[in-house]
Amino acid sequence: MKHNINTQFDETKKNYTMALFSRNRAGILNRITAVFSRIKLNIDSLNVSETESIGVFRYSVCVNTTEKLIRRITKQIEKQVDVLKAVYATDDLIVQQEVALYKIPSQVMLDDIQTEDIIRKHNAKILRIHREYTVIEKTGHKHETQSLFDELEPYGILEFVRSGPVSIGKINY
Amino acid sequence: MFKAENSNIKHIINKNWQQIDDGTQTEKAVNMLGSQALINSLIAEGVEIMFGYPGGAIMPTYDVIHQMQDQIKHVLVRHEQGAVIAAQGYARACGKVGVCIATSGPGATNLITGIADAMIDSTPLVCITGQVHKDLLGTDAFQETDIIDISMPITKWNYKITEATEIPKVIARAFYIAKSGRPGPVLIDITKNAQMDYLDYCYKKCQHFNSYLPEPTPKLQTIKDAADLIDSAQKPLVVFGQGVILGNAEQEFKAFLEKSGIPAAATIMGLSAIDNNHPNYVGMLGMHGNYAPNLLTNECDVLIAVGMRFDDRVTGTLSTYAKNAKIIHLEIDNSEINKNVRVNIPVLGNVKFTLPQITNRINQNAYPEWREEFSQLHQQEQDVVIKEDLAPSQNELSMPEVIAMVNELTLNNAIIVTDVGQHQMAACRYAQFNQTRSLITSGGLGTMGFCIPAAMGAKLAKPERTVIGIVGDGGVQMNIQELGTIMQTEIDVKIIILNNEFLGMVRQWQELYFDKRYASTEITSPNYQVLASAYGIASEKISVREKLKSSIQDMLDHDGAYLLEVMVGQENNIFPMISPGDSVSDMRLK
């Protein structure tokens, strides 16, 4: 018989990504977020989309917390009647991707050859060119989109937006 | 890899699960109003009685209640909080789903405290609230309040019905969710148009709900592990809660105790699940529980938790709780496993089904030496606390001696309903029960004002039993308006006010931890005899020991409601006690 006597949970904070599956019902997002707000835990990012099964929605939630809390929260969310499943993972166990959009003045693209190099180097895409501005897209991990941001910043970024990560487990579960 | 506690998500989400209003109806449908469909749905669920208060947005439904009063009884309360707590008292006494009904806005918000109470104490309720017309939603219409969002964290499930066609399916689902698995309150908000529109009604009870797994089944290995661990124990202790009562598992629990020979202690919510005089019963756990089971929690080598949730009032400080023990947790709600206490063997499922499997596998046993430790500690409690409690040296009456007299004169046969505070602890410590569902108290939330409405509900659920409300002079004034309901509905409840002219439990803490600064705890009372008489309720006030027996006997003999006010010692304390932040083994006797 194996008993994990007195093995304490790791109390250090880590980034966790949760995958929650629910029926499509008005108010279910409030039921989910209430589990976090109850203990004053910030949600770092949240993404909702329909899954491969019609009518089933998948929520990707990123939080920074302890193992003890993430376990408790996951079960408290899964307990909600309209939630089909709640699971969590640390970053090393999932494949993640996020997308960022950058709006920069078109004039700098014309004036400064450096910007072209930066966009090539980062494998970024140009989505729209307007007389006033250009919209660039970059997908990748946060540090990658951030690195492009840092390099473009000296040229003046008019607007910047980054999605939360969406993620898929590395092993079938 | 995502960590999951149970089965394959693909399996769940690929099932062809149905939407709420998919409209598949097989039986012959009858065209009727939404309000008629609502009441017919309640009748189809076996609802005989509901507690409520009418108002604008629920009037179409009340019109139908009036027309169908020969099939379903409605009790008019004096405040919606009275309705929801009465529904709790009803549900706790008989095990059926309690139903309350209120209008939108203030009617709905007045339910909130009772719903929160039912949530934390796992009481099956269906609360129905009226709502403004769907076209007025979000416009700050008269008596519009977003009760769905307000009640979200304190309901097991809730749903806003905006179309009449949704009514039968949603009501069926509401009852299924309220009573299955770990029970809880469900709130259904129904817009006025849904009550007034027509639909083709046919009712089918809900048996299954795709995203909801009410009763997990344990792995066979955990049952075997649990049985092996129990057999290997030298000093095992059972701690049990309301899960035994909610699972209707009293017989299975008794069989388990009698075969295993293990001493068993109750949480407040587990009281009355077994007879107080059962040889294995060693008393109540918790802050004001009994000395032996609290102290020996830290001595036991295997702790078997049955249908309880390790509330902080039971465990004291967690850092020293049961550290010598391996813990087996029999629990229906997976989110309770490892929530407060790390568990070695979780046994998921209804204890009605998991207990017999364990009982079958364990050896017949007895622990005479271990049981002797309980007896010795109990003797200490007897000498230092109980003796003085039951036969006080002071002239004033004590709360415990009143409870003991109730035991004597009711032959331990009454349903005891308490409020919250010192009298509650006295009642829980001293009341004796010889059948299950005999203690109705607000355990998790500690809702003052619980006693009178809950006693009404209990009496209406169990008219053949004596129902005695034990209430303090603080709590009685919190829902005292329900004396009007007792008058109008002629409910035969006996109410004993234990009056110490203080908010006693807070005063006790002020004495012990705030240097006797009695901030706002001295409370005056009205003349309860005049008040009772205004409501046409018989009453008596006593303050001497000589009158105690005859007065309680008079109360019990009286045909109809009765209010007995007993003046008790003003500054008596409830002991033993585990101070906040202390370990269960630091329990103090005085």
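Residues numbered from 1 in each chain as written. Chains lettered and ligands numbered in written order. Predicted model: local features only at pLDDT ≥ 70, side-chain atom pairs only at ≥ 80, totals over all residues.

### Some words on the packing of helix α10 (residues 220-232) of chain B against helix α15 (residues 351-361) of chain B
Residues and elements named next belong to chain B. Across the interface, α10 lies against α15 with an axial gap of 9 Å and an inter-helix angle of 50°. In terms of orientation, α10 lies oblique with respect to α15. Between α10 and α15 lies a crossing whose hand is right-handed. Contacts between α10 and α15 pair Ile223, Lys224, Ala226 and Ala227 from the former with Thr354, Gln357, Ile358 and Arg361 from the latter. Of the residues contributing to the contact of α10 with α15, the split by class is four nonpolar, two polar and two charged. (Axes fitted to C-alpha atoms, helices over the stretch in contact; angles between N-to-C directions. Helix = DSSP H or I, 4+ residues; strand = E, 2+ residues; numbered from the N terminus. Parallel < 35°, antiparallel > 145°, perpendicular 65-115°, else oblique. Left-handed = near helix turned anticlockwise from the far one by under 90°. Contact = placed C-beta atoms within 7 Å. Nonpolar A, V, L, I, M, F, W, Y, C, P; charged D, E, K, R; others polar.)

### Some details on the confidence of the model for chain B
Residues and elements named next belong to chain B. Averaged over every residue, the pLDDT of chain B is 95; the share at 70 or more is 95%. Under a pLDDT of 50 for its full length, residues 4-8 has, in the predicted model, four contacts with residues more than four places off or in other chains. Contacts for the low-pLDDT stretch residues 10-25, under 50 throughout, to residues beyond four places or in other chains number 17 contacts. Scored as a complex, the prediction yields pTM 0.94 and ipTM 0.89. (pLDDT = per-residue confidence, 0-100.)

### Some details on the sheet that holds strand β2 (residues 45-50) of chain A
All names here are of chain A. With antiparallel pairing, the four strands of this open sheet are ordered in space as β2-β3-β1-β4. Looking at strand neighbours, the two that pair on one side only are β2 and β4 (83-90), the edges of this open sheet. Geometrically, the sheet is characterised by an average inter-axis angle of 15° between neighbouring strands, direction not taken into account. With respect to the sheet, helix α2 (residues 67-78) is in contact with β1 (14-23), β3 (56-65) and β4, its orientation differing from that of β4 by roughly 165°. (Pairing = 2+ DSSP bridges.)

### Some points on the packing of helix α1 (residues 28-37) of chain A against α2(A)
Residues and elements named next belong to chain A. The interhelical angle for the contact between α1 and α2, taken along N-to-C directions, is 155°, at an axis separation of 10 Å. Considered as vectors, α1 and α2 are oriented roughly antiparallel to each other. Like other packed secondary-structure pairs, α1 and α2 cross with a definite hand, here right-handed. Counting all contacts with α1, which are made through Ile32, Val35 and Phe36, the residues of α2 involved are Ile73, Gln76 and Ile77. Considering only residue class, the contact of α1 with α2 consists of five nonpolar, one polar and no charged.

### Comments concerning the pairing of strand β15 (residues 415-418) of chain B
Residue and element names in this part refer to chain B. Neither face of β15 is left uncovered, since the one carrying Ile415 and Val417 and the one carrying Ile416 and Thr418 both have all their residues buried. As paired strands, β15 and strand β17 (residues 467-472) are joined by four bridges and run parallel to one another. Considered in β17, the bridge of Ile416 is made with Ile468. Both β15 and strand β16 (residues 439-440) contribute to a ladder of two bridges, which runs parallel. Across the sheet, Ile416 pairs through a bridge with Leu439, a residue of β16. As a crossover connection, the stretch from β15 through helix α18 (residues 422-430) into β16 is right-handed. (Buried ≥ 20, exposed ≤ 12 C-beta atoms within 10 Å, placed from the backbone. Right-handed = clockwise from strand over helix to strand, strands pointing away.)

### Comments concerning the domain arrangement of chain A
Residue and element names in this part refer to chain A. Domain boundaries assigned for chain A yield domain 1 (14-94) and domain 2 (95-169). The centre of domain 1, based on its C-alpha atoms, is set 29 Å off from the matching centre of domain 2. Of the residues lining the interface, 10 residues belong to domain 1; the matching set on domain 2 comes to nine residues. Looking at the side of domain 1 that touches domain 2, the elements with two or more residues in it are β2 and β3. Among the elements that line the side of domain 1 that touches domain 2, the one with the most residues is β2, at three residues. Of the residues belonging to the side of domain 1 that touches domain 2, the class tally is five nonpolar, four polar and one charged. (Domains from an automatic or database assignment.)

### A word on the environment of Tyr16(A)
Residues and elements named next belong to chain A. In this fold, Tyr16 is placed in strand β1. Using a count of 24 C-beta atoms within 10 Å as the deciding quantity, one classes Tyr16 as buried. Residues Tyr16 and Val61, spaced 45 residues apart in sequence, show a C-alpha to C-alpha distance of 8.2 Å. Dropping the residues within four chain positions of it, Tyr16 is found in contact with Val63, Thr65, Ile70, Tyr88, Ala89 and Thr90.

### Describing the sheet that holds strand β9 (residues 236-240) of chain B
Residues and elements named next belong to chain B. If you walk across this open sheet you meet the six strands as β11-β10-β9-β12-β13-β14, and the pairing is parallel. Strands at the two margins of the open sheet, each flanked by one partner only, are β11 (281-284) and β14 (345-348). Each strand of the sheet is rotated relative to its neighbour by a mean of 20°, with strand direction disregarded. Alignment of β9 against strand β12 (residues 302-306), held across five bridges, turns out to be parallel. Each bridged residue has a counterpart across the sheet, and for Phe240 the counterpart in β12 is Val306.

### Details of the domain arrangement of chain B
Residues and elements named next belong to chain B. For chain B, the assigned domains read domain 1 (21-201), domain 2 (220-374) and domain 3 (397-567). Placing the centre of domain 1 and that of domain 3 at their C-alpha centroids yields a distance of 30 Å. Taken together, the contacts link 25 residues of domain 1 with 27 residues of domain 3. At the level of secondary structure, the elements contributing two or more residues to the side of domain 1 that touches domain 3 comprise β2 (49-52), β3 (73-76), α4 (80-94) and α6 (112-120). Class assignment of the residues belonging to the side of domain 1 that touches domain 3 gives a composition of 13 nonpolar, eight polar and four charged.

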